[in-house]
Amino acid sequence: MATTVLIERLRSQIQALDCVTFNHSKRTVSSSFSEVDSWLPHGGLQPGSFVELIQDSEGTGAYTAALKLARSAAETKPAWAVLDSDGTFHAPVAETLGWDLQKLVVVRAPPNDSGWAFAHLLRSKDIGACFWVSRNMDNMLFRRLQLAAERGGGLGFVIRPAAALRKPCWGSLRIQVRATPSAAPSAAPSGKLWLRLLHARGQANAAGSEIEVAL
Amino acid sequence: MRRYLALYFPRWPVQRFRQLYPQSRDRPLALFERSQRGSVIAVCSGEANRLGVRGGLSVADAKALSSALEFHELDLADCKIGMEELCLWVTRFTPLVSIESTGPHARFPQTLLLDITGCESVFDGEEKLLSQALSRLKKKGYKVRAAIAPTLGAAWALAHHGALSSIVVSNDADALKEALSVLPLAGLRLPAEPLAYFQPLGLHRIGDILKQPRESLPSRFGKSVTERLDQAFGDAAETLIPLRPAPEFRVARSFEYPVRGSELLFTILEQLLEPLARGLDQAQRGARHIECWLYHGIAAPVCAEIALHRCSASRKHLFHLLRARLEDLLRAPGATRGKVKRNTWPAKKIQDKGLTLEVEESVEAVAIHVTASESLADQQLPLFERASAENSGELSLLLDRLVTRLGAAAVCRVQLEDELPPERGFRLVPLGERINRSPSSAIPVAPRPLGLLPQPIAIKMDWPRTFSWNEMPHAIHSVTGPERIESGWWREVAARRDYYIVEVNSGARYWLFEEINEQRWFLHGWFD
C-alpha cells in the first residue's frame, strides 16, 4: 500500500474518531454572553464536559474568562470549586465577578494529588463548575476527567500553558485566550479578550474560528 | 496492682540497621553522629565493642582500632520509626503500649513498656504471654530482654540489668525488693549526675541506697533519686501514656483462617460497621475520625485513617469512605502492584520512608476504632444550602474523601477579611468551621488580580520600560496607577505600597508595587 494512501486512510480514521461525541447529553447551557454562545459550535457550553483554555502566559485573562463563561451554568448547583495547587487564587475577585463565595470549596492539593482531586470534584453532581490551572497533564488523566465530568454533569475548566498546544485535546472544547493590548500606552486597558477555537469535539469544521469579546 | 512488661532491645539502632540491611549482620558495626568535634561513635555492635570501640570515641580513633569495622551514620528518625512499628506490632498483647520517654536512652529509645494487667488470662498466664512475645520477636530477628513486674520502674530495671533475659516478679513487696536490691543503680533510670556521685562513695547497687537514711538522700543526691526509688517500689505513681489513646467506640474481628482478597475484606468491613454505627446511633454520637486496623501475621499492622468534615453515624457513609480510603492506598503512587504504602502511625513519617507492605498478605484480624466523635445533636447545618437531602450525602462523601486524602487544611472555604495589605484580604478556613457573611468593605472596589501571590516576589525594575521576573524581561506597554495601599502602623510589619497595573506588550497584565519604605519593586499578582 502506498504511503500516501495509508496516511490518507489513517487521517480519515482519526477524523471519524474525533467526531464521536463522548458526552451523551445534547443539552447546552448559555455562557451568559450571546456573542460567545453563537460563536460556540454547540450554541453554548455542554454540561458534563470540560473545557481547555490555553494561555501564552499568566495575566492574559483566561481564568477570568473561565469564571465569566461558567457563571450562569453553575448557579443552579449548591457549590462550585477551585483547585488551587499553587495557592494563588484570589477569591475576593471571584465575588466581584458575581460568584457566591459561600458556595465555594477551595482545594489545595499537592501536585501529585491534583488530578485525583479534580476528577473527584468533576464527578460530583453538586458541584456546578470547577477550575484548575494545570501545567502538566497526561492522557490517562484526561480520559478520567472526561468520564468524571460526564458522570457529574457539571462544567470543568482547565487552564493550560501554550506548551499544551502540542498535546492532544480531550476536552469538549479547546480555546486559546489572548489579551488584546490597549490601543496606546496612555490608553486604559482594552478589557477585551481574543478567543480562538482550536478544537470542538464532534465539530471538526468549527476549529479555527475567532472572536474578540469584552467579557 | 497493675502488671507491666518491659521489652528491652539492646543496642536498638544497631538492631534496626541490621533489620534494614541484613548483609551487615555478621560484621562489626559502628554508628556515628556528626558533632562539633567531628564524627563520634554513638552506638556500636557487640563485635565492634569487643574490638575496643565505645560510644563517644571519634571515628578516626575507631578506624585505628580495626580495619574490619563498618561505619554508618546514625539515623535517629529511622530508629524512632522502627520503635513505633514494633510498638504497633506488640499491641497484639495489650492495647496499652508506650515507648520509654525518660532515662538514659530517651534520645534513642530502646524499650517498650506494656501494661498487661488482665491480658495474661488471654495467653494462659504471664509466663506464656512472655514466652510467646519473646519467641515471636526472636523469630523476627530481634534480640530482646524482658521483665514483668508490678511497677514500670521495676520492669524497666529488670529488663535492662536483670541476671536473666526474661524475669517475672510477683506483686509481693519482699520479692520485688529482693529482685531490685541486687541491680546496679543505673536501673533506677537516673540522670548521669547523681550516678557519678554514687561511684566514689562505694554505692553501686540499689540495695546500697536502700540502706542509707532516706531523709538525707534528696539533699545529698537530688530529688530524682527518691522519686525513682518510689516509682520502682510502687510507692509513687507512674503512669503509662499509651502511644495511641483508647478508642471511644471499637469493633473488631479476628479470623479463624486468614482472609485474602480485598473484596472479601470489604464485605467484612461493611458487616463490622453495622454494630459500630448502631453503637454510635444509640449514644447519639457521630464519628469524626476513624482508624481501620488490618493485622497481619508477621508484618506490622496497617492503619487506614478517615477524617470526616461533619460527624456521621451512617454505616453507608462510613463504609464508602473506608472503602475509598483503602482503594486509594492500594493505588498509592509509588506503591508497586499488589502492595500498599504502609500508613501506620505516624502516617507521614512512614510514608516518607516509602515502606511498603504486601496487601496480598493475608489479614488475620480487623479492628475499626472511632477515635473522635461528636454529639449528633450538635451537628452543624449543611455547608451548602441548596444541596438536596440525597445530594447532600454525595457532597459530604466527596468532601470527606478529599479531607481524608489531602488533610483538613487542604479543603477549605473562604472567609473575606476587611484587612490590608491585600494578601490578608481573605483567609481559608477548614470545612468544619463556620464562616460569616463577608463584610461589604472586604469586597474590592478597585481592580484586583485573580492571581495573587501569597508572598510578593522581588523583581528587577527598569521603570517604566521593562521589568524582569524569573530571569524573563517584560517590556512595559502601559501603566495604570499608582494606588496607595497602607496597612496600619500597629502591624508587626507595616506595609506602604504604591500599586500599578502594568500591561506588557503581549497584553498580559501584572500587579506590581513599589515598597515605599524600602524603594524596592515587587510582583504581587496577575490579571489572569
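Residues numbered from 1 in each chain as written. Chains lettered and ligands numbered in written order. Predicted model: local features only at pLDDT ≥ 70, side-chain atom pairs only at ≥ 80, totals over all residues. Heavy atoms only, no water.

1. Structural notes on the sheet that holds strand 8 (residues 210-213) of chain A
Right, on to step 1. Spatially, ten strands are ordered 8(A)-7(A)-6(A)-1(A)-5(A)-4(A)-2(A)-3(A)-15(B)-16(B) in an open sheet, and the strand pairing comes out mixed. Here the strands that pair on one side only, and so sit at the sheet edges, are strand 8 of chain A together with strand 16 (426-430) of chain B. Adjacent strand axes in the sheet meet at a mean angle of 25°, parallel and antiparallel pairs treated alike.
Right, on to step 2. Taken together, the seven bridges between strand 1 (residues 49-55) of chain A and strand 5 (residues 155-161) of chain A define a ladder with parallel strand orientation. Note on strand 5 of chain A: the bridge partner recorded for Val51 of chain A is Phe157 of chain A.
Right, on to step 3. Helix 5 (residues 111-123) of chain A contacts strand 2 (79-83), strand 3 (104-107), strand 4 (127-133) and strand 5 of chain A of the sheet and is inclined by roughly 160° relative to strand 4 of chain A.
Right, on to step 4. Of the strands in this sheet, strand 1, strand 4 and strand 5 of chain A touch helix 6 (residues 139-152) of chain A, which is tilted by about 135° from strand 1 of chain A. (Pairing = 2+ DSSP bridges. Helix = DSSP H or I, 4+ residues; strand = E, 2+ residues; numbered from the N terminus. Axes fitted to C-alpha atoms, helices over the stretch in contact; angles between N-to-C directions. Contact = heavy atoms within 4.5 Å.)

2. Here we look at the nonpolar core
Right, on to step 1. Grouped together as the largest cluster of nonpolar side chains are 47 residues, with contacts concentrated most on Trp80, Phe89, Trp99, Phe131, Phe157 and Ile175 of chain A.
Right, on to step 2. Counting residues per element, this core draws most heavily on helix 3 (residues 62-74) of chain A, at nine residues.
Right, on to step 3. With residues near it in sequence (within four places) discarded, Phe131 of chain A still touches Tyr63, Ala66, Leu67, Ala70, Trp80, Ala81, Val82, Leu83, Trp99, Phe118 and Phe157 of chain A.
Right, on to step 4. With 34 residues, the next largest nonpolar core counts Leu5, Phe93, Leu130 and Leu134 of chain B among its residues. (Core = buried A, V, L, I, M, F, W, Y, C linked by side-chain atoms within 4.5 Å. Buried < 20%, exposed > 50% of the residue type's maximum accessible area, 1.4 Å probe, protein only.)

3. Details of the interface of chain A and chain B
Right, on to step 1. Between chain A and chain B, the contact holds 53 residues from the first and 52 residues from the second.
Right, on to step 2. Three residues, His90, Gln102 and Trp116 of chain A, lead the burial of chain A against chain B; their summed loss comes to 16% of the area buried on that side.
Right, on to step 3. There are one salt bridge connecting chain A and chain B.
Right, on to step 4. For Arg405 of chain B, the salt bridge goes to Asp113 of chain A, with nearest N and O atoms at 2.7 Å.
Right, on to step 5. Counting every contact that joins chain A to chain B gives 14 residue pairs in polar contact (both at pLDDT 80 or more).
Right, on to step 6. Going through the elements one at a time, helix 3, helix 4 (91-96), strand 3 and helix 5 of chain A are the ones with two or more residues in the side of chain A that touches chain B.
Right, on to step 7. Per-class residue counts for the side of chain A that touches chain B are 27 nonpolar, 15 polar and eleven charged.
Right, on to step 8. With two bridges joining them, strand 3 of chain A and strand 15 (residues 411-416) of chain B adopt antiparallel strand pairing. Bridging across to strand 15 of chain B, Val107 of chain A finds its partner in Val411 of chain B. (Buried area = accessible area lost by both parts, 1.4 Å probe. Salt bridge = Lys/Arg side-chain N within 4 Å of Asp/Glu carboxyl O. Polar contact = N/O pair within 3.5 Å; in protein donor to acceptor, adjacent residues only side chain to side chain. Nonpolar A, V, L, I, M, F, W, Y, C, P; charged D, E, K, R; others polar.)

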